[in-house]
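Fold and geometry: a report
Letter by letter, the chains look like this.
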Amino acid sequence: MKKLPVRCLLMIACYTCATVNGNVYFKAAKPNNEWWSNTILYQVYPRSFKDSNKDGIGDLKGITQKLDHFVDLGIEILWVGPFFKSPMDDMGYDVEDFYMIDPIFGTMSDLEELVFEMNKRNLKLIIDVIPNHSSYKCEWFEKSIKQEGKYTNYYMWHNASNQDELTSNSSITPILPNNWLSVFGGPAWTWNQQRKQFYLHQFSKEQPDFDLRNPDVKLQILDVMEFWMDKGVSGFRFDALRFLYENISLPDEPFMPGISNASNYMELNHIYTLDQPEVISTILEWKAYMDNYTKSKNISISSLMATEAYTTVDILMQYYGNSTNPGAQVPLNLALVKLPKDDQIVESIDTIIKNWLADLPENAVANWVIENHDNLRISSKFGAETVPMFTALKLALPGMDVTYYGSEIGMENNMYLRSEQITNRYVVGGSTGSSSSRDYVRCPMQWDDSINAGFTEEKKSWLPVNPNYYKLNVESQKKIPTSNYNFYKKMSQLRKTKTLRNGDLQTYNITKSIYILKRSLLEHESYIVVTNFGSETETVILSNVVRNLKDYLFVYLGSENSAYRPGSKVSTVSTGYPLQLRPQSVVVLTDKYIEPELTSNNSSGGTEMSSRLISLTYVFVLARWFL
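Anyway, here's the lowdown on the structure attached to this text. Given the structure is predicted, the values throughout are model-derived calculations rather than measurements. (Residues numbered from 1 in each chain as written. Predicted model: local features only at pLDDT ≥ 70, side-chain atom pairs only at ≥ 80, totals over all residues. Heavy atoms only, no water.)

Most of strand E16 (residues 504–509) is tucked away, with six of its six residues classed as buried. The alternating pattern of E16 places Asp-504, Gln-506 and Tyr-508 and Leu-505, Thr-507 and Asn-509 on opposite faces, both of which are buried. As paired elements, E16 and strand E17 (residues 514–520) share six bridges and run antiparallel to each other. If you follow Tyr-508 over to E17, its bridge partner there is Ile-516. A loop of four residues connects E16 with E17, the two strands running antiparallel in sequence. (Buried < 20%, exposed > 50% of the residue type's maximum accessible area, 1.4 Å probe, protein only. Helix = DSSP H or I, 4+ residues; strand = E, 2+ residues; numbered from the N terminus. Pairing = 2+ DSSP bridges.)

Our focus in this paragraph is the sheet that holds strand E10 (residues 197–200). Pairing in this open sheet of three strands is antiparallel, and the strands run E8-E10-E9 from one edge to the other. Both outer strands of the open sheet, strand E8 (157–158) and strand E9 (189–192), are each paired with one neighbouring strand and no more. As paired elements, E9 and E10 share four bridges and run antiparallel to each other. Pairing of Thr-190 across the sheet is with Tyr-199, part of E10.

Strand order in the open sheet formed by eight strands is E13-E12-E11-E7-E4-E3-E15-E14, and the pairing between neighbours is parallel. The outermost strands of the open sheet, each flanked by one partner alone, are strand E13 (330–331) and strand E14 (367–369). Direction of pairing for strand E3 (residues 40–44) relative to strand E4 (residues 77–80): parallel, over a ladder of four bridges. Within E4, the position partnered with Leu-41 by the bridge is Ile-77.

Before going further, it helps to examine the packing of helix H7 (residues 215–230) against helix H8 (residues 278–296). The axes of two packed helices give the description: the angle between them and the distance between them. Relative orientation of the contacting elements H7 and H8 amounts to 35°, with a least axis distance of 11 Å. Where H7 crosses over H8, the two elements pack in a sense that is right-handed. From H7, Lys-218, Ile-221, Leu-222, Met-225, Glu-226, Met-229 and Asp-230 reach across to H8, where they touch Thr-282, Glu-285, Trp-286, Tyr-289, Met-290 and Tyr-293. (Axes fitted to C-alpha atoms, helices over the stretch in contact; angles between N-to-C directions. Left-handed = near helix turned anticlockwise from the far one by under 90°. Contact = heavy atoms within 4.5 Å.)

Let us now look at the packing of aromatic side chains. What the rule picks out here adds up to 34 aromatic pairs. Judged by centre distance (5.7 Å) and plane angle (75°), the rings of Phe-83 and Trp-228 are edge-to-face. One end of the pair, Phe-83, is in the loop between E4 and strand E5 (84–85); the other, Trp-228, is in helix H7, and 145 residues separate them in sequence. Note on Phe-83: relative accessible area 1%, which makes it buried. A residue is classified by how much of its surface remains accessible, and Trp-228, at 0% relative accessible area, is buried. Over the ring of Trp-35 we find Lys-124; its NZ or CZ atom is 5.7 Å from the centre of that ring. (Phe/Tyr/Trp six-rings, centres within 6.5 Å; stacked < 30°, edge-to-face > 60°. Lys NZ or Arg CZ within 6 Å of the ring centre and 35° of its normal.)

As far as function goes, none of this settles anything; it's purely spatial.
Written as structure tokens, this is what we have:
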């Protein structure tokens, strides 16, 4: 097992860290009782969630129609992806009008209805804001091209390297300002013939970058935030924050080792276009503005700030700010999203968890992301059997969970898309082939086994539904007690316990296959998550690994393939019935007696206890234990 850095042993934070018998022990400090601190943040990709008007595209009314889904699962916050007016060159991440809802998603009254209905259910809404760039069709960019008033320098304009020659000879080709490359391929600069300058775009040429050093641009972003908070939005997820600033001198970026002539984004070392120092101060400014807004409006809860940046842990920890200058409460922890598929998976998971918790600033809250709209779904990356394993891990960890839509049922990538059905071909590095599209992870939500999985009544949805929807859907899984849906729901319920809200965490990386989490709290029950990532059944003598255990524990929850059901008794020593965990399965154990459940289906997909059979079941289970 990798040793933790020395800082881990010295840090005093929400979780203080120490090594006990070779395993890491994170002791909870004072609880963070903010409304968001132990919640599940559910990511809704609006195009794919629910179509209400039969046009094949998900919309705001569709989300409103499905709000009870979140209540049933114990979700408390919805993060809804970009729905601003857009030409959809990058599926809404290219905004044409930051104050207008795109008609394909509905109207402002639809949003107001969504917020109203969410408030009735005690749900909170945060939305995407894209502060790095706009669409080339944005009115601000059109005015900037014409150099109209304050918009003249709203964007990153720069002369050609041979600008003087261009002035005297219009037939000469403009030379790029430097060697910077776009994330989506090709140069990061595009010549505008009307203005006769290059503009910067770290993404596609249809997404010109703002100049965030311009005070007018900063004020514009703040105005956008206030506009949507006035509409009842409780916070924002800020997109692509690594890219907000560039080195003002525009120097060439160095090549990666072994590269002599870069043509691909991954071949440059982006020391001048990523993670510039001003990013941190800007995050703190935005958070201060949001806090001042809530105070001025006498809003009883704090606003929520989430940020996206695929960057290093030490930089993300700065996103949190400090007690004097608070920053983002949720700098999205995307390390698990990039988890490699290899035989070191247990060690990788363990390292990611430890590094994040060890570096947390005082009173900060951890967050865990495993899937999102840009990366492979777990079921397709690691296999369908692993879905409850990752569900148990991420929902048992302290802090916030971030759930991508469909994760609760184990939705898989839809790889059955023909080339002409692909809508978005942009990926990091500039590959534009259909095989690398992000569409595969953005296909419609699978609600039931009706046509198009209940997503739309239109014959064709904007992306085809995965063919497995006939068996893999919400309504089918509600009726199966051992389904991914009900596993997720039970883990969500477990998060309400004081142990998971405020308890200590111990991690045990004991083999390449077995990984264990223990959550404990003085004078409360403990919970132990045991996962088997391997390919063989493993017998786990828990007392050999975890100290101070009773001789037996009870199963709170087991994945369908584990062969363990709630109420089962497991010996922690070598005698009796020690834990025998099948490949790619998980059990959640507790030292609190679990009443065995006899289930029957009901209309909501939950379970009912048959009171007439409880006593008989109890007698049967006791007899089995002592035989």
